[in-house]
Amino acid sequence: MPARDRGSGHRGTLARPARPGWAGRAGPAATSPPRWEGPAVVVEDLRKSYGAVRALRGVDFEVGQGQVLGLLGPNGAGKTTAVRILTTLVVPDGGRALVAGHDVARSPAAVRELIGLAGQATAIQEELTGRENLDIVGRLYHLDPKTRRRRAEELLERLELADAADRPAKGYSGGMQRRLDLALSLLSRPAVLFLDEPTTGLDPRSRLAMWAVIRELVAAGTTLLLTTQYLEEADELADRIVVVDQGRVIAEGTAAELKGRVGGEVIEFQVLDRTQLERAAAALAGLSAHEPSVDPEAAHVRLAVGERGSSSLVETVRRLDAAGIATEGLAVRRPSLDDVFLALTGHGAASSDGPPTPTRPRWGRGH
Amino acid sequence: MRAEVDPLPPVVRAPSVATAARSALADVATLTRRELLVWLRNPSLIFFTFVQPVMFVLLFRYVFGGAIPVRVPGGYVDFLMPGIIAQTSAFASFGTAIALARQVQLGMIDRLRAMPIARSAVLLGRLAADTARLVVTVVLLLGVGYAVGFRFHNGIVPALLLVVLAVAFGAVICTVSGFVGLRIRDEEAVGSFGLVWLFPLTFVSSAFVPVTSMPGWLQAFAKNQPVTIVIDELRALALGGPLQLHAWQSALWLAGIALVFVPLAVRAYRRA
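Overview of the structure. (Residues numbered from 1 in each chain as written. Chains lettered and ligands numbered in written order. Predicted model: local features only at pLDDT ≥ 70, side-chain atom pairs only at ≥ 80, totals over all residues. Heavy atoms only, no water.)

**Some details on the overall build of chain B**
No. 1: Helix and strand content of chain B: eleven helices and zero strands.
No. 2: Helices and strands in chain B line up, N terminus first, as α-α-α-α-α-α-α-α-α-α-α.
No. 3: By principal-axis analysis of the C-alpha atoms, chain B measures approximately 80 × 40 × 35 Å.
No. 4: Residue burial in chain B is summarised as follows: out of 272 residues, 50% are buried.
No. 5: Sequence separation of at least 24 residues holds for 76% of the intrachain contacts in chain B that already meet a minimum separation of 6.
No. 6: For chain B, the accessible surface area stands at approximately 12400 Å², while carbon and sulfur atoms represent 71% of it. (Helix = DSSP H or I, 4+ residues; strand = E, 2+ residues; numbered from the N terminus. Buried < 20%, exposed > 50% of the residue type's maximum accessible area, 1.4 Å probe, protein only. Contact = heavy atoms within 4.5 Å. Areas by Shrake-Rupley, 256 points an atom, 1.4 Å probe, with all protein chains shown as cover.)

Here it is in structure tokens:
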């Protein structure tokens, strides 16, 4: 699979303004050009159990060179386990995983030379400054002093950390720490980058900033596998999305395809008087191509309305009002992971009782 | 989905043994540097590294010391210093265990394991940094000891050997603590567990009182456990007396502990 030209808008339905990629600016690209044939990541029938907990029960997917794959699923779906196997931290029980052409179980050392990892865990030493952290990691990758310094400066500049470069990372905000951590993972110019829930725990503003940074990487042709619990995030960043649940792949496609299966935007509300729940659902019949779904316990109704959110909202209000049904929290919103799960599995993501991922504490200071 | 993968993986340097060793050494040096930088940036760490042992010296010298009869040339302070040096070296390993547990918790060990660095480099780097810190601590303690009346009675070479043995002892205890930290992986639990094994081991020894003052059943343990053996050798080096027996026993104990716990710690690191 050839590396794709990201500058010319071949991004399917994920239209996105053309950005000047890193490659387009002064200095070399963030990652090295592909050096092997075939996909960047191949996962075949991958299995892993922790005791009785079956974290992965036979997972298959591929990431082409220069592609961005979003591994989407709730907590405990197996995303982190998959990333841990692909980054050589855990040996799979069965199946096969290739990264940049190397088998992760048979030649982990070769894989480690070619990957970058950032996300939930941190490689930052808080007592050291941003620049010192980069210097240490540069030394660990055996970069010569000049290269080390040049790349560090470049990354500090591009990840907007230049002003804070000589301050201890302890004082960085959560967003800055994540960016510094990302910089550490980019220092070696990895052929394949893994980002494990890169924005979990960040406030909305820091999340947007992180997205912007990742988008630049992507524009420069980085091969990226990212895991996320947010459909919106996968939609923003990924070419293709693989949805995992309870250690299995339950869907795969572009964000647009997945959203199509959900039925687009969602109108939802709560009925104040539970006895009116059925009547409320009936009142909405025919409003969109989809059937309203009712959660009797929460007295909650949701209806997928395609791309016509606002006009459908007005119509919903009109019909409920005409039927004399009092509601609370009536809103139209973009589809979430929960909606995808509801559409694909019949249960929401939150109620998925998948096996727990071996947990690592979240880091970041949350301000 | 099955893909035929063209077997043309990127060229990754396949290092010779010498190159691999050189690169492992470079990794150890980098990680040692990192640990020492962290230590230097942490005033509270420095403070506790030094203040606690100094406090112990003063406490035993001036508070308990008068009540403890010993038969050594310069009185209790000469008896005390070798003991306190060993106790401090052992307690220094607390930091090792806690720091490693914290790094596992934060996922930092994971990140290091995903990098192309020698498997043993993280532990060896830490050990090297701990050793450097131990040298500083032991020298500082000797300085404080001199200020409160302690004197070497056996010449300069044994005095230097005392520093070497005390540091080696501390480093070996660090390998045990390193294993504990990597296995327990919880900062607080590691701290409590450290007290559980380090306190009895260092206090039920000849560190602060003559073993003969303990009840018979306790003497049996106190006399023969490695901390006492090392302390008796330290004392012989400082004050004079028969060196050889305890020297051999100390060396065997330290080598034995290291032989067991270094592989265990490396294994725990791989599985962290």
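**So, the pairing of strand β7 (residues 192-196) of chain A**
Successive residues of a regular strand alternate their side chains across the two faces of the sheet.
Residue and element names in this part refer to chain A.
No. 1: Counting buried residues in β7 gives five out of five residues, a clear majority hidden from the surface.
No. 2: Burial along β7 is two-sided: Val192, Phe194 and Asp196 facing one way and Leu193 and Leu195 facing the other are all buried.
No. 3: As defined by bridge partners, strand β6 (residues 115-119) adjoins β7 across five bridges and the pair is classed as parallel. Within β7, the position partnered with Leu117 by the bridge is Phe194. (Pairing = 2+ DSSP bridges.)

**Focus on the sheet that holds strand β14 (residues 327-333) of chain A**
Residues and elements named next belong to chain A.
No. 1: As summarised here, the arrangement of the four strands in space is β12-β13-β11-β14, forming an open sheet in which the pairing is antiparallel. If you trace the sheet from one side to the other, it starts and ends with β12 (293-295) and β14, each paired once. On average, adjacent strands in this sheet sit at an angle of 15 degrees to one another, irrespective of strand direction.
No. 2: Alignment of strand β11 (residues 266-271) against β14, held across five bridges, turns out to be antiparallel. Of the residues in β14, the one forming a bridge with Gln270 is Glu328.
No. 3: Relative to the sheet, helix α11 (residues 337-345) contacts β11, β12, β13 (300-304) and β14, its axis offset from that of β13 by approximately 85 degrees. (Axes fitted to C-alpha atoms, helices over the stretch in contact; angles between N-to-C directions.)

**Some thoughts on the packing of helix α1 (residues 17-41) of chain B against helix α6 (residues 121-147) of chain B**
For any two helices packed against each other, the geometry comes down to the angle between their axes and how far apart the axes lie.
Residues and elements named next belong to chain B.
No. 1: For the pair α1 and α6, the least separation of the axes is 7 Å and the interaxial angle reads 50 degrees. Accordingly, the angle class assigned to the pair α1 and α6 is oblique. Once α1 is placed against α6, the crossing between them reads as right-handed. On α6, the residues touching Asp27, Val28, Leu31, Thr32, Glu35, Leu36 and Trp39 of α1 are Ala121, Val122, Leu124, Gly125, Arg126, Ala128, Ala129, Ala132 and Arg133.
No. 2: Looking at the contact of α1 with α6 residue by residue, the class counts come to ten nonpolar, two polar and four charged. (Parallel < 35°, antiparallel > 145°, perpendicular 65-115°, else oblique. Left-handed = near helix turned anticlockwise from the far one by under 90°. Nonpolar A, V, L, I, M, F, W, Y, C, P; charged D, E, K, R; others polar.)

**Digging into the interface of chain A and chain B**
No. 1: Facing 49 residues of chain A, the contacting portion of chain B comprises 38 residues.
No. 2: Between chain A and chain B lies a buried interface of about 4000 Å² when both sides are counted; carbon and sulfur atoms form 59% of it.
No. 3: Where chain A touches chain B, the interface holds five salt bridges.
No. 4: The shortest N-O distance in the salt bridge between Arg84 of chain A and Asp110 of chain B comes to 2.3 Å.
No. 5: Linking chain A with chain B are eleven residue pairs in polar contact (both at pLDDT 80 or more), by the criterion used here.
No. 6: Residue assignment for the side of chain A that touches chain B shows that the elements contributing at least two residues are β1 (41-50), β2 (53-63), α2 (108-114), β6, α3 (130-140) and α5 (174-186) of chain A.
No. 7: Of the residues forming the side of chain A that touches chain B, the biggest block, six residues, is contributed by α3 of chain A.
No. 8: Its residues placed into classes, the side of chain A that touches chain B shows 22 nonpolar, ten polar and 17 charged. (Buried area = accessible area lost by both parts, 1.4 Å probe. Salt bridge = Lys/Arg side-chain N within 4 Å of Asp/Glu carboxyl O. Polar contact = N/O pair within 3.5 Å; in protein donor to acceptor, adjacent residues only side chain to side chain.)

**Comments concerning the environment of Arg111 of chain B**
No. 1: Tracing the backbone shows Arg111 of chain B in helix α5 (residues 108-113).
No. 2: Note on Arg111 of chain B: relative accessible area 3%, which makes it buried.
No. 3: Along the backbone, Arg111 of chain B and Gly181 of chain B are 70 residues apart, and their C-alpha atoms lie at a distance of 17 Å.
No. 4: Not counting chain neighbours up to four residues away, the residues in contact with Arg111 of chain B comprise Leu117, Ala118, Gly119, Ala121, Thr122, Ala123, Asp181, Leu184 and Ser185 of chain A.
No. 5: Side-chain polar atoms of Arg111 of chain B contact the backbone oxygen of Leu117 of chain A, separated by 2.8 Å.

**Looking at the sheet that holds strand β8 (residues 223-228) of chain A**
Residues and elements named next belong to chain A.
No. 1: The strand order β6-β7-β8-β3-β9-β10 describes an open sheet built from six strands, whose pairing is mixed. The strands lining the two open edges of the sheet, one partner per strand, are β6 and β10 (248-253). The sheet shows a mean angle of 20 degrees between the axes of neighbouring strands, direction not considered.
No. 2: The strands touched by helix α1 (residues 79-86) within the sheet are β3 (68-72), β6, β7, β8 and β9 (240-245), with β8 carrying the most contacts at an inclination of about 150 degrees.
No. 3: Along the sheet face, helix α8 (residues 255-262) touches β9 and β10 and points at about 105 degrees away from the line of β10.

**Considering the pattern of salt bridges**
All names here are of chain B.
No. 1: By the definition in use, this model includes 28 salt bridges over all chains.
No. 2: Put simply, Asp130 and Arg133 hold a salt bridge, and the shortest N to O gap is 2.2 Å. With a gap of three residues between them, Asp130 and Arg133 both fall in helix α6, about one helical turn apart.
No. 3: Relative accessible area serves as the criterion here: at 3%, Asp130 is assigned to the buried category.

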